[in-house]
Amino acid sequence: MSLNRRRVLGAAVGAAATLGIETWTLRSKFSVDYRKRCSYVAILNARSYSEKLETTLLDGLRLFPIDVRGKCVLLKPNLVEDLPEPVNTNPVLIGAAARCFLRLGARRVVIGEGPGHQRDTELVVSSTGLRPILRERRIEFVDLNRGELRKVKLRARYSGLSELWLPCEVLAADFVVSMPKIKTHHWAGVTLSLKNMFGVVPGMKYGWPKNLLHWAGIHESILDICSTVPIHFVIADGITAMEGNGPLQGDPRALHKIVLADDPVAADATCARLMGIAPERVTHIAEAGRFLGNLNKAQIQLLAEPTSTQGAPFSVLPEFSFLIRRI
């Protein structure tokens, strides 16, 4: 082979390699797109955690075109520590949600959580007051930190992880409901329905507080998890929310709201706006708006009252002051 031919061939191989690298770099970081033409959100008024919540919640759920008849519904609350209100999703709301989905025809309702801090899940369930509600209503609780797992390929590639071992109970559910407590977060800015899904990653496999996810990046891991375990519905507990140094050491904030949504991004964007926070400035919510749901107000239809900041914006740590929406 002549020297000139070798040079031409070498240049062609080099160009092809460069093009391949550029194509790989520019390739989308996600392989799914869960966005709808229009997402529905309902903001419900609720003054307290009382037995009236079941009626309020059922009326709210009936505003949505959802059908859970014959399905297995998994409720994923935020139960992170054996600490008092407002750290965890309130058990009265969890119990009301379980009853509502059964009344709507669900074949089975399971409450599942894998606490991120306290390793004794039974202690968290008991200390939050959820245990008697489970017993009274004969609702099953599943510890997602311990149990049978299955290796699953991730449907996004933000964290650098290619797969995760996830609970079979989560993967078998027909309808996944994220039930976060509306809170600020000292690392993520806010913790809402998307961040709540950290609890499906088993602590027995990945440590406490889900160490692998923190090492891979919180925002990045949220996106990878929610692309792989899609959220079908959201019931966000904002009756008593948390501001300041959340998710564990913040201060109670009376919001008197429950946010329902058929889209987790629309839910988190709406919750953030209620908090006086600009959702497009929260890294994982902004990026999730590209493929996990709708962030733009124009694509969110409110079924109940309009979104408005409830008084002063939620207080945040100084490093997150840029999140506050200036009006």
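Provided above is the structure to which this section pertains.
### Notes on helix α9 (residues 218–228)
Thinking step 1. In terms of burial, α9 is a largely internal element, ten of the eleven residues being buried.
Thinking step 2. Taken residue by residue, α9 has I218, H219, S221, I222, L223, D224, I225, C226, S227 and T228 as its buried positions.
Thinking step 3. The elements touched by buried residues of α9 are β5 (149–153), β6 (163–167), α8 (211–216) and α11 (283–288).

### A word on unusual backbone geometry
Thinking step 1. For the bond running from E85 to P86, omega is 10°, close enough to zero to count as cis.
Thinking step 2. Its place among the elements puts P86 in the loop between β2 (72–77) and α3 (91–103).
Thinking step 3. Cis rather than trans, the peptide bond between G246 and P247 has omega equal to 15°.
Thinking step 4. Among the secondary structure elements, P247 is positioned in the loop between β10 (233–243) and β11 (251–261).

### Some thoughts on the pattern of salt bridges
Thinking step 1. Inspection of every chain in the model, using the stated rule, returns 19 salt bridges.
Thinking step 2. Here R69 makes a salt bridge to D67, at a shortest N to O gap of 2.8 Å.
Thinking step 3. The class of R69 is exposed, set by a relative accessible area of 60%.
Thinking step 4. Given the relative accessible area of 35%, D67 is considered partly exposed.
Thinking step 5. Via salt bridges that share partners, E51, E54, R99, R103 and R137 belong to a single interconnected network.

Parameters at a glance
- Residues numbered from 1 in each chain as written.
- Predicted model: local features only at pLDDT ≥ 70, side-chain atom pairs only at ≥ 80, totals over all residues.
- Heavy atoms only, no water.
- Buried < 20%, exposed > 50% of the residue type's maximum accessible area, 1.4 Å probe, protein only.
- Helix = DSSP H or I, 4+ residues; strand = E, 2+ residues; numbered from the N terminus.
- Contact = heavy atoms within 4.5 Å.
- Salt bridge = Lys/Arg side-chain N within 4 Å of Asp/Glu carboxyl O.

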